Amino acid sequence: MSSSKKPENKPVEFNLKNPVHFLALGLGSGLLPKAPGTYGTLAAIPLFLLMSELSTMYYALVVLLSCIIGIYLCGRTAEDVGVHDHGAIVWDEFAGFFITMFMIPVSWQSVLVGFMLFRLFDIIKPWPISVADKKLSGGFGIMFDDILAGFFALAIMHIIF
């Protein structure tokens, strides 16, 4: 099933006591009504601010681990609820935002611009993001389009900042 078709009308039961679901749902932020990806990205900001104190190497390691672990978290949660890339699954937004902010000086302006750029690329999905979104499945498919969106936003962030 294409990840661009998110059948959110299908009744699903997420288990917030399950740490896999809790993380995949962005610490619960993906369950907020309307625009769960936006809420997921907003919920990633405090974690990013904590991570911004890390050295470049450790920040990169945390981002890499968040992407690798995210493949499992998102895939397992999607499988558990029977919906590929349900809108409430927002760990991919966390990883994408962390990528967007890699080696960017931290200020309220950079966080705001990073947020807006990442959301823009995640929503409009220009090529090749749109291809990844349509063609890839499972946890990798859920994560990869947001990883690409993060890299697109990162490139512009480095031009701006």
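Residues numbered from 1 in each chain as written. Predicted model: local features only at pLDDT ≥ 70, side-chain atom pairs only at ≥ 80, totals over all residues. Heavy atoms only, no water.

Overview of helix α3 (residues 56-81)
No. 1: Between the first and last C-alpha of α3 there are 36 Å, a value that for 26 residues agrees with the 38 Å anticipated at 1.5 Å per step.
No. 2: Helix geometry: α3 is bent most strongly at G70, by close to 30°.
No. 3: For α3, the set of buried residues is Y59, V63, S66, C67, G70, L73, C74, G75, T77, A78 and V81.
No. 4: Buried-residue contacts for α3 involve α1 (19-24), α2 (36-51), α4 (91-100) and α7 (138-160).
No. 5: Directly after α3, the chain includes G82, whose backbone phi takes a positive value near 75°. (Helix = DSSP H or I, 4+ residues; strand = E, 2+ residues; numbered from the N terminus. Expected span 1.5 Å × (residues − 1). Bend = angle between axes of the 7 residues up to and from the residue. Buried < 20%, exposed > 50% of the residue type's maximum accessible area, 1.4 Å probe, protein only. Contact = heavy atoms within 4.5 Å.)

A look at the environment of F161
No. 1: Mapped onto the fold, F161 is located in the segment after α7.
No. 2: A relative accessible area of 37% places F161 in the partly exposed class.
No. 3: In the structure, F161 is positioned 55 residues away from V106 in sequence and 9.8 Å away in space, judged by C-alpha atoms.
No. 4: When sequence neighbours within four positions are dropped, the list of residues in contact with F161 reads I104, P105, Q109, S110 and V113.

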